[in-house]
Amino acid sequence: MNAKDLVKLNNEKRKQLNEHNRNYYEDMLVYIRSHLLLSEQQSEELLIELLDHLLEAQKHGKSAEDVFGKDPKAYCDELIRQLPKEKKKNIYAFVGYLMIQLFALITLATGAVELVAELFTDVDDTVYLGKAFVLFVINFAIILLGVAIIVLWIRKSTFRDDSNTFNSKVKTFLIVWFIFCIVFGMFVLVERLVPEFGYRIEAGGMVRILFGLLVLAVTWLLNKKFRITK
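Only a predicted model underlies this, so the values are computations on that prediction, with no experimental measurement involved. (Residues numbered from 1 in each chain as written. Predicted model: local features only at pLDDT ≥ 70, side-chain atom pairs only at ≥ 80, totals over all residues. Heavy atoms only, no water.)

Asker: Break down the overall build of the chain for me, with residues and values.
Answerer: Looking only at helices and strands, one finds nine helices and two strands in the chain. Mapped in sequence order, the helices and strands of the chain form the string α-α-α-α-α-α-β-α-α-β-α. In summary, the chain has a C-alpha radius of gyration of 22 Å against a globular reference of 17 Å for 230 residues, an excess of more than 25%. Across its three principal axes, the chain shows a C-alpha extent of roughly 70 × 40 × 30 Å. Counting every position in the chain, which comprises 230 residues, the buried fraction comes to 33%. Across the chain, the fraction of contacts at a sequence separation of at least 24, relative to all contacts at a separation of at least 6, is 82%. In the structure as shown, the chain presents an accessible area of about 14900 Å², 65% of it carried by carbon and sulfur atoms. The average position of the 29 basic charges and that of the 27 acidic charges among the side chains of the chain differ by 4 Å. (Helix = DSSP H or I, 4+ residues; strand = E, 2+ residues; numbered from the N terminus. Rg over C-alpha atoms; globule rule 2.2 N^0.38 Å. Buried < 20%, exposed > 50% of the residue type's maximum accessible area, 1.4 Å probe, protein only. Contact = heavy atoms within 4.5 Å. Areas by Shrake-Rupley, 256 points an atom, 1.4 Å probe, with all protein chains shown as cover. Lys, Arg positive; Asp, Glu negative; His and termini not counted. Charge placed at Lys NZ, Arg CZ, Asp CG, Glu CD.)

Below, the structure is given as structure tokens:
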């Protein structure tokens, strides 16, 4: 089974756990998955193995603590040390895939906004390729930084006694929203700071939408053929 199939299987099997064991196990699941550089296939196989072990113990009246101990973080850290890293070529392929998809989505979004704006006013269709390229690279780096901060926060907040409480979830939501606002603000700032330069082309809203859809279709076909996202 590939990683996607294992995730689906895990989601189904996890429903068989009682509330206490499910909360305990899901903390382990989030913590292990938050280590993004580990082999996804090996990580999901390990999580299924742990789940099967816990389900079997639950049938005999045992709790998650009886199976994995009272320090799940230490237990997971030991398991993580034994897991292999994801192959570099897979990481590079995945990052490249995300970059192309982000480019397509940005093209679609700007095209849609411009198409609507054209209904009410004259819009400058000029695109400076040099500026567009620099903005894309910087914005992608900003997004990666934002994701890394969120993942580290989630990893840090896992296994806390209040991690499943309403207040904790609200706090996590507010932190994610704050990071999102900071990222959006940086997008606006970078857009104003980077000067216009490079080859100039004219690309209206419809042209951008069609081009964005074409790029998305190409990435979908590549992912289907090479299983970049597993």
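That shown, we press on.
Asker: How would you summarise the UniProt feature "transmembrane region" (unreviewed entry) in the chain if you had to cite specific residues and measurements?
Answerer: Mapped onto the present numbering, the UniProt feature "transmembrane region" (unreviewed entry) falls at residues 91-113, 133-154, 174-194 and 206-223. As annotated, residues 133-154 has a helix share of 100% and a strand share of 0%, and its two end C-alpha atoms lie 32 Å apart. From the first C-alpha to the last, residues 206-223 spans 26 Å; its make-up is 100% helix and 0% strand. (UniProt positions renumbered as here; feature names shortened; annotations may be inferred.)

Asker: Give a description of the pattern of salt bridges that names residues and reports values.
Answerer: Enumeration according to the criterion identifies eight salt bridges in this entry. Across the salt bridge formed by Asp52 and Lys13, the nearest N and O atoms sit 2.7 Å from each other. Here Asp52, found in helix H3 (residues 40-59), pairs with Lys13, found in helix H1 (residues 3-13); they are 39 residues apart in sequence, far enough to count as distant. For Asp52, a relative accessible area of 32% corresponds to the partly exposed category. Across the salt bridge formed by Arg33 and Glu44, the nearest N and O atoms sit 3.0 Å from each other. Linking Arg33 in helix H2 (residues 19-33) with Glu44 in helix H3, this pair joins segments that are 11 residues apart in sequence. Accessibility expressed as a relative area gives 5% for Glu44, which makes it buried. (Salt bridge = Lys/Arg side-chain N within 4 Å of Asp/Glu carboxyl O.)

Asker: Could you give an account of the side chain of Ser39, with specific residues and numbers?
Answerer: Following the sequence through the fold, Ser39 ends up in the loop between H2 and H3. Residue classification places Ser39 among the buried positions, given a relative accessible area of 9%. Separated by 3.3 Å, the side chain of Ser39 and the backbone nitrogen of Gln42 make a polar contact. (Polar contact = N/O pair within 3.5 Å; in protein donor to acceptor, adjacent residues only side chain to side chain.)

Asker: Run through the layout of surface pockets, naming residues and quoting values.
Answerer: With a probe scaled to a water molecule rolled over the atoms, the places where space remains empty come into view. In this structure, the largest pocket occupies an estimated 1200 Å³ of space. For the largest pocket, the lining is made up of 31 residues, of which Ile106, Thr110, Ala132, Leu135 and Arg208 are closest to its centre. The set of elements that each furnish at least two residues to the lining of the largest pocket consists of helix H6 (88-117), strand S1 (126-128), helix H7 (129-157), helix H8 (166-193), strand S2 (200-202) and helix H9 (205-226). Estimates place the volume of the second largest pocket at around 1100 Å³. Residue lining of the second largest pocket: 33 residues in total, with Leu36, Leu37, Phe94, Leu98 and Val147 positioned closest to the centre. Among the secondary structure elements, those contributing two or more residues to the lining of the second largest pocket are H2, H3, H6 and H7. Grouping the amino acids of the lining of the second largest pocket by side-chain chemistry returns 19 nonpolar, seven polar and seven charged. (1 Å grid on protein atoms, 1.4 Å probe; cavity = no way out; pocket = protein on both sides within 12 Å on 5 of 7 lines; lining within 4 Å. Points joined across faces, edges and corners; volume = space filled by probe spheres on them. Nonpolar A, V, L, I, M, F, W, Y, C, P; charged D, E, K, R; others polar.)

Asker: Tell me what's going on with the domain arrangement of the chain, and back it up with residues and numbers.
Answerer: Entries for the chain in the domain assignment read domain 1 (3-82) and domain 2 (88-226). Averaged C-alpha coordinates put domain 1 and domain 2 at centres separated by 32 Å. Listed as interface residues are 12 residues of domain 1 and, on the opposing side, eight residues of domain 2. Between domain 1 and domain 2 the total buried area reaches about 890 Å² when both faces are included, carbon and sulfur atoms providing 68% of it. A per-residue breakdown of the area domain 1 buries against domain 2 is headed by Asp27, Tyr31 and Ser34, which together make up 48% of the total. For the pair domain 1 and domain 2, the number of links is zero salt bridges. Applying the counting rule to domain 1 against domain 2 returns one residue pair in polar contact (both at pLDDT 80 or more). Of all elements in the fold, only H2 and helix H5 (72-82) reach the threshold of two or more residues within the side of domain 1 that touches domain 2. (Domains from an automatic or database assignment. Buried area = accessible area lost by both parts, 1.4 Å probe.)

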